[in-house]
Amino acid sequence: MTQSFDAAMRAFAPPLPLAVGLSGGADSSALLLACARRWPGQVQAIHVHHGLQAAADDFEHHCIALCARLAVPLHLQRIDARPAPGASPEDAARRARYQAFEAVAKETQRHAAIQSIALAQHADDQVETLLLALSRGAGVAGLAAMPAHWQRGGLQWYRPLLRVAGADLRAWLRAQGEGWIEDPSNADERYTRNRIRARVLPALEAAFPAFRDIFARSAAHAAQASALLHELARQDLALVGTPPQIAALQTLGPERQANVLRHWLRSAHHTTPSAAQLQELQRQIAACQTRGQRIHIKVGRGFVVRADARLDWYNPALFPPPAGAS
Ligand SMILES: Nc1ncnc2c1ncn2[C@@H]1O[C@H](COP(=O)(O)OP(=O)(O)OP(=O)(O)O)[C@@H](O)[C@H]1O
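Residues numbered from 1 in each chain as written. Predicted model: local features only at pLDDT ≥ 70, side-chain atom pairs only at ≥ 80, totals over all residues. Heavy atoms only, no water.

Enquirer: Explain the site of the ligand to me, and be specific about the residues and the numbers.
Expert: Of all residues adjacent to the ligand, which total 16 residues, the nearest are G21, S23, D27, S28 and V48. In this structure, S28 approaches the ligand through a side-chain N or O atom, which is 2.7 Å from an oxygen atom. Contacts to the ligand include A120, whose backbone N or O atom sits 3.1 Å from an oxygen atom. Here the ligand, which alone exposes 570 Å², has 82% of that area covered by the protein. (Near = heavy atom within 4 Å. Polar contact = N/O pair within 3.5 Å; in protein donor to acceptor, adjacent residues only side chain to side chain. Areas by Shrake-Rupley, 256 points an atom, 1.4 Å probe, with all protein chains shown as cover.)

Enquirer: Describe the environment of G300, naming the residues involved and giving the relevant values.
Expert: Looking at the secondary structure, you find G300 in the loop between β7 (296-299) and β8 (302-307). Exposure remark for G300: the relative accessible area of 32% places this residue in the partly exposed category. Sequence-wise, G300 and A325 are 25 residues apart; in three dimensions their C-alpha atoms are separated by 18 Å. Residue contacts for G300: discarding those within four places in its chain leaves T271 and Q277. (Helix = DSSP H or I, 4+ residues; strand = E, 2+ residues; numbered from the N terminus. Buried < 20%, exposed > 50% of the residue type's maximum accessible area, 1.4 Å probe, protein only. Contact = heavy atoms within 4.5 Å.)

Enquirer: Before we move on, could you go through unusual backbone geometry and cite the residues and values that matter?
Expert: With an omega dihedral of -5 degrees, the bond running from L16 to P17 counts as a cis peptide bond. The topology assignment puts P17 in the loop between α1 (5-10) and β1 (18-21). Looking along the chain, the bond that leaves T242 and enters P243 is cis, with omega of -5 degrees. With respect to the helices and strands, the residue P243 is situated in the loop between α9 (211-240) and α10 (246-250).

Enquirer: Got a sec to walk through the nonpolar core? Specific residues and values, please.
Expert: Within the largest apolar cluster, 30 residues are counted, with the highest numbers of intra-cluster contacts made by F5, M9, F12, L31, L32, C35 and L161. Looking at this core, the elements that each hand over two or more residues are α1, β1, α2 (26-38), β2 (43-49), α3 (56-70) and α7 (166-175). At 8 residues, α2 tops the list of elements feeding residues into this core. When sequence neighbours within four positions are dropped, the list of residues in contact with F12 reads L18, C35, R38, W39, A118, Y158 and P160. Counting 20 residues, the second-largest nonpolar core is a separate cluster that includes A258, I295, I297 and V304. (Core = buried A, V, L, I, M, F, W, Y, C linked by side-chain atoms within 4.5 Å.)

Enquirer: Tell me what's going on with the pairing of β7, and back it up with residues and numbers.
Expert: Judged by which residues are buried, β7 turns out to be one-sided: I297 and V299 face inward and are buried, whereas H296 and K298, on the alternate face, are not. The pairing of β7 with β8 spans 4 bridges and is classified as antiparallel. Counterpart to I297 in the pairing with β8 is V304. Here β7 hands over to β8 after 2 residues, with G300 in that stretch at a positive phi of 60 degrees. (Pairing = 2+ DSSP bridges.)

Here it is as structure tokens:
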């Protein structure tokens, strides 16, 4: 069930001190205000200046003024979040932001060490994330959308507002007499997420008002399925070895084999095969019945090859083919 803003905040119990990721928008301004009132002297804020848009200075000024008013220490981080060629600007900004948060937390280790970081995504953001995953043909890991809690880099990370509707959150902030900065890029309908927000969510609201709760249930089912697939992949990788033995891979059914191959490539080589590449790799593994049978297929920036009885992956820009590669 969606929650009121106050109920969500009552249920939130992070280890302190806590830092709030403060963009200057409505959502994180509301979260900071509520946290600062609840745990005076135990809350800090981190604002990351992306330098990506002209409005970045306005966001920074808003954060400085809000934190000064609340007597909350503010860490300002400037980052260069220009995406690599072909990479998504939103992903590059998000990755750089997470690194900046971790860098700030590390700096505080000697004094008032930050234990937790809170981010302000809400129930509408969760639905957008799920629909965005569907629009890209994602598997269960994508359909799991955003977790409410996880651990990383020695920190506890939280999204305490994931069950609060965006309109309720803004109504709460308005009732406190607080303002915020509207992100001008949110109106840019060249981005799929913004088209989903502007066009699909109002249609869902009209046709199917309980969509936030129902979709959240599907995302939770997908998260469970994704965790199971991950666990199975870990067990199967221990079975087939790293790098995987071809004969051992051949004993697995096609779905399990695909699952463990994806896990091997991601965990050992930080690369993800496309559906077509994985299908071709599995075809070549099935055809590999003689000593002379070759396996060779492009995946990411490198190639999966056969090296004697095993598979291997190498990036030709960095390494020569592995010994025994055919
Ligand atoms: N520049 C930033 N500096 C610090 N934290 C950020 C920044 N941008 C986003 N965050 C944090 O990550 C969360 C998700 O970011 P996202 O860009 O999806 O939302 P947003 O539209 O910026 O949210 P908000 O209404 O708080 O501005 C934010 O709610 C906030 O907690």
